[in-house]
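Now for the letters of each chain:
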Amino acid sequence: MNKAVDIFTAIPKRVNCAQAVAEGLGAEALSPALSACGGGRAEGGRCGALYAALLLVPEEKREEVAAKFRSEAGSELCREIKSAGFPCVKCVEIAARLAEEALNR
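Residue positions are counted from 1 within each chain, in the order its sequence is given. With the structure being a predicted model, the display of local features is reserved for residues of pLDDT at least 70 and the display and counting of side-chain atom pairs for 80 or more, all residues being used for whole-chain, interface and lining totals. Neither water nor hydrogens contribute to the side-chain values; these are computed over all heavy atoms in the structure.

**Quick word on the overall build of the protein**
Numbering of helices and strands runs from the N terminus, with a helix taken as a DSSP run of H or I at least four residues long and a strand as a DSSP run of E at least two residues long. Looking only at helices and strands, the protein has 6 helices and 0 strands in total. For the protein, the succession of helices and strands along the chain, N to C, is α-α-α-α-α-α. The C-alpha radius of gyration of the protein comes to 12 Å, within 12% of the 13 Å expected for a compact globule of 105 residues. Principal-axis analysis of the C-alpha atoms places the extent of the protein at approximately 35 × 30 × 25 Å. Long-range contacts, defined here as pairs at least 24 residues apart, represent 53% of the contacts in the protein between residues at least 6 apart. Per-residue and other accessible areas follow the Shrake-Rupley method at a 1.4 Å probe size, with only the shown protein chains counted as cover for residues. Here the protein has roughly 5,500 Å² of accessible surface; of this, 54% comes from carbon and sulfur atoms. The reference for a compact globule is 2.2 Å times residues^0.38; the radius of gyration itself is calculated from the C-alpha atoms. Working rule for contacts: check all heavy atoms of both residues, and any pair within 4.5 Å makes them a contact.

Right, here's the structure in full:
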């Protein structure tokens, strides 16, 4: 498991998927701004975990991260991901891993 997943699954639950990714990658300062980005409320209906990851990676790596996320999760859109039965915790894991990889290259 990664830190973002640990934060997302902590009991009591205190953050949404976008906040968990940001906090898991050390961007705690972004967490308040991302409080409204879970549950399909990120810009364009995008998965909040992916949305946060894309905010954290350099602009030139965003499309690559988004493409890899789509490949693993089946879509960028929260509604489509959820309707396919894909768990939010897996989105958090994928988004955090892809962002971390992009930041470390």
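**Some remarks on empty space enclosed by the protein**
In this analysis a 1.4 Å probe is tested at points of a 1 Å grid over the protein atoms alone, and where it fits but cannot get out there is a cavity; an open set with protein on both sides within 12 Å along at least five of seven lines is a pocket; lining residues have an atom within 4 Å of a point. Grid points are joined across faces, edges and corners, and a volume is the space filled by probe spheres set on the points. One pass over the structure, following the stated rule, counts 1 cavity of 30 Å³ or more. Of the pockets and cavities examined, the largest cavity occupies roughly 80 Å³. Every residue along the wall of the largest cavity is listed here: Cys 17, Gly 38, Gly 39, Gly 40, Cys 47, Gly 48, Cys 78, Ile 81, Lys 82, Cys 88 and Cys 91. Those elements giving two or more residues to the lining of the largest cavity turn out to be α5 (78-83) and α6 (88-103). Polarity classes work like this: nonpolar for Ala, Val, Leu, Ile, Met, Phe, Trp, Tyr, Cys and Pro, charged for Asp, Glu, Lys and Arg, and polar for all others, with Gly in that last group. Across the lining of the largest cavity, the residue classes break down as 6 nonpolar, 4 polar and 1 charged.

**A few points about the nonpolar core**
Nine residue types can take part in a nonpolar core, namely buried Ala, Val, Leu, Ile, Met, Phe, Trp, Tyr and Cys, and a core is a set of them joined through side-chain atoms within 4.5 Å. Buried residues are those whose accessible area, probed at 1.4 Å on protein chains only, stays under 20% of the maximum for their type, while exposed residues exceed 50% and partly exposed ones sit between those limits. If you look at the biggest cluster of nonpolar residues, it comprises 36 residues, and the most contacted ones within it are Val 21, Leu 34, Cys 47, Ala 49, Val 65, Phe 69 and Val 92. Put simply, the parts of the chain that give this core at least two residues each are α1 (3-9), α2 (17-24), α3 (48-56), α4 (62-73) and α6. The element contributing the most residues to this core is α6, with 8 residues. Leave out the neighbours within four places in its chain, and Val 21 touches Ala 4, Ala 49, Ala 52, Ala 53, Leu 56, Val 92, Ala 95 and Ala 96.

**Here we look at α4**
Side chains three or four residues apart in an α-helix point the same way, a direct result of the helix having 3.6 residues per turn. Here α4 contains 12 residues, and its C-alpha end-to-end distance of 16 Å stays within 8% of the 16 Å for a straight helix at 1.5 Å per residue. All of the buried residues along α4 are Val 65, Ala 66, Phe 69 and Ala 73. What you see down the axis of α4 is that its buried residues fit within an arc of 95°, all on one side. More than 90 degrees from the buried face of α4, the exposed residues found are Glu 63 and Ser 71. Buried residues along α4 sit against α3, α5 and α6. Helix span is expected to be 1.5 Å times the residue number reduced by one. The arc in question is the one traced by the directions running from the helix axis out to the C-beta atoms.

**Considering the side chain of Glu 76**
Structurally, Glu 76 can be placed in the loop between α4 and α5. Since its relative accessible area comes to 13%, Glu 76 is described here as buried. Distance and chemistry together define a polar contact, namely a pair of N or O atoms within 3.5 Å, with one atom able to donate a hydrogen and the other to accept it when in protein, and with adjacent residues in sequence counting only for side-chain atoms on both sides. A distance of 2.7 Å separates the side chain of Glu 76 from the side chain of Arg 46, its partner in a polar contact. Discounting chain neighbours no more than four positions away, the residues touching Glu 76 are Gly 45, Arg 46, Cys 47, Leu 50, Ala 66, Phe 69, Arg 70 and Ile 81.

Take it as geometry only, folks, not as evidence of what the structure does.
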